[in-house]
Amino acid sequence: MAIRALLFDLDGTLADTDPLHFEAFVAALEPHGIAIDHQFFKTAISGRSNEAICRDLFPDATSAEHDRFAADKEAAFRRASGGLTAIDGLHALLEQARDLGARIGLVTNAPAANVRHVLDLLKLTGVFDPLVLGEELPHSKPDPLPYQTALAALGLQPDEALVFEDSLPGVQAAKAAGILTVGLTTTLSADALRQAGADATVADFLDPILPLLLTRGADALTLR
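Turning our attention to the side chain of Glu 165. Of note, Glu 165 is situated in strand β4 (residues 161-165). A distance of 2.5 Å separates the side chain of Glu 165 from the side chain of Tyr 147, its partner in a polar contact. Sequence-distant contacts of Glu 165, that is, excluding residues within four places in its chain, are made with Asp 9, Thr 13, Val 107, Lys 141, Tyr 147, Gly 170, Val 171, Val 182, Gly 183 and Leu 184.

Pasting the structure below:
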């Protein structure tokens, strides 16, 4: 079955943003006496909503304090992100999807200000429809609701879509929604992504399996 929609995560999927997010978190947490390393970032922060991250980091703080911390950290990320570029092959894959008549959506836990900023930097403003933000829903990833919301907006069944993710919460959300999922190894290893449920893993959008997935869906996995 040909794929009728491609659904992308933002951070670590459209661009390798996690190094910038890591540095922004390190700097923002230092005044609070909290030190984190890359492993903690990969397993406890990457791909999660700011609400969930702040709830774990600052269990005794108020919601307003959580919001202020997250706003300051995200502003620091945006200031540092001027040199972002798209993951190799992204624009070509998007063009191929459009040529095949597939819809292109974005499903992300990133805050709206970051989404606008990154899409503008990557020259992708207006490309994604639907654009589903976890912060606007009752539940964000790893809950399947964001992907279920995207499918409902498209009027598609899970087996008609293909998801691209790079984080554990993202892969878990997509698979819980029943969607064929490709994990990008920008942040985590292929083994970690597969253990989370990814059906295939790629280093970038130049991988030769991707055109086959677009035209054959899950059947393409038997050819690899």
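Now, onward.
In this section: the packing of helix α4 (residues 63-80) against helix α6 (residues 112-121). One way to put it is that α4 packs onto α6 with a least axis distance of 10 Å and a crossing angle of 5°. Of the possible angle classes, the one that applies to α4 and α6 is roughly parallel. Two secondary-structure elements touch here, α4 through Glu 74, Phe 77 and Arg 78 and α6 through Ala 113, Asn 114, His 117 and Val 118. Split into classes, the residues belonging to the contact of α4 with α6 amount to 3 nonpolar, 2 polar and 2 charged.

Okay, unusual backbone geometry next. The residue after Asp 129, namely Pro 130, is reached through a cis peptide bond having omega 10°. Put simply, Lys 141 and Pro 142 share a cis peptide bond, and its omega is 15°. With respect to the helices, strands and loops of the structure, Pro 142 is situated in the loop between β3 (131-133) and α7 (145-154). If you check the backbone angles, Lys 123 has positive phi at about 60° while not being a glycine. Here Lys 123 lies in the loop between α6 and β3.

Among all positions of α6, only Ala 112, Asn 114, Val 115, Val 118 and Leu 119 are buried. Looking down the long axis of α6, one finds its buried residues gathered within 155° of arc, a one-sided arrangement. Exposed and facing more than 90 degrees away from the buried side of α6 are Arg 116 and Asp 120. Looking at the packing, one finds that the buried side of α6 touches α1 (18-29), α4, β2 (103-108) and β3. Count one or two residues on from α6 and you reach Lys 123, which has phi positive near 60°.

So, about the packing of aromatic side chains. Per the counting criterion, the structure on display carries 8 aromatic pairs. For the pair Phe 164 and Phe 205, a centre-to-centre distance of 5.4 Å together with 75° between the ring planes defines the contact as edge-to-face. Remark: Phe 205 occurs in the loop between β6 (200-202) and α10 (209-216) and Phe 164 occurs in strand β4; sequence separation between them is 41 residues. Each member of the pair, Phe 164 as well as Phe 205, carries the same accessibility label: buried. Each member of the aromatic cluster is reached from another via a ring pair, and the members are Phe 22, Phe 25, Phe 41, Phe 58 and Phe 69.

What counts and how
Residues numbered from 1 in each chain as written. Predicted model: local features only at pLDDT ≥ 70, side-chain atom pairs only at ≥ 80, totals over all residues. Heavy atoms only, no water. Helix = DSSP H or I, 4+ residues; strand = E, 2+ residues; numbered from the N terminus. Polar contact = N/O pair within 3.5 Å; in protein donor to acceptor, adjacent residues only side chain to side chain. Contact = heavy atoms within 4.5 Å. Axes fitted to C-alpha atoms, helices over the stretch in contact; angles between N-to-C directions. Parallel < 35°, antiparallel > 145°, perpendicular 65-115°, else oblique. Nonpolar A, V, L, I, M, F, W, Y, C, P; charged D, E, K, R; others polar. Buried < 20%, exposed > 50% of the residue type's maximum accessible area, 1.4 Å probe, protein only. Arc of directions from axis to C-beta. Phe/Tyr/Trp six-rings, centres within 6.5 Å; stacked < 30°, edge-to-face > 60°.

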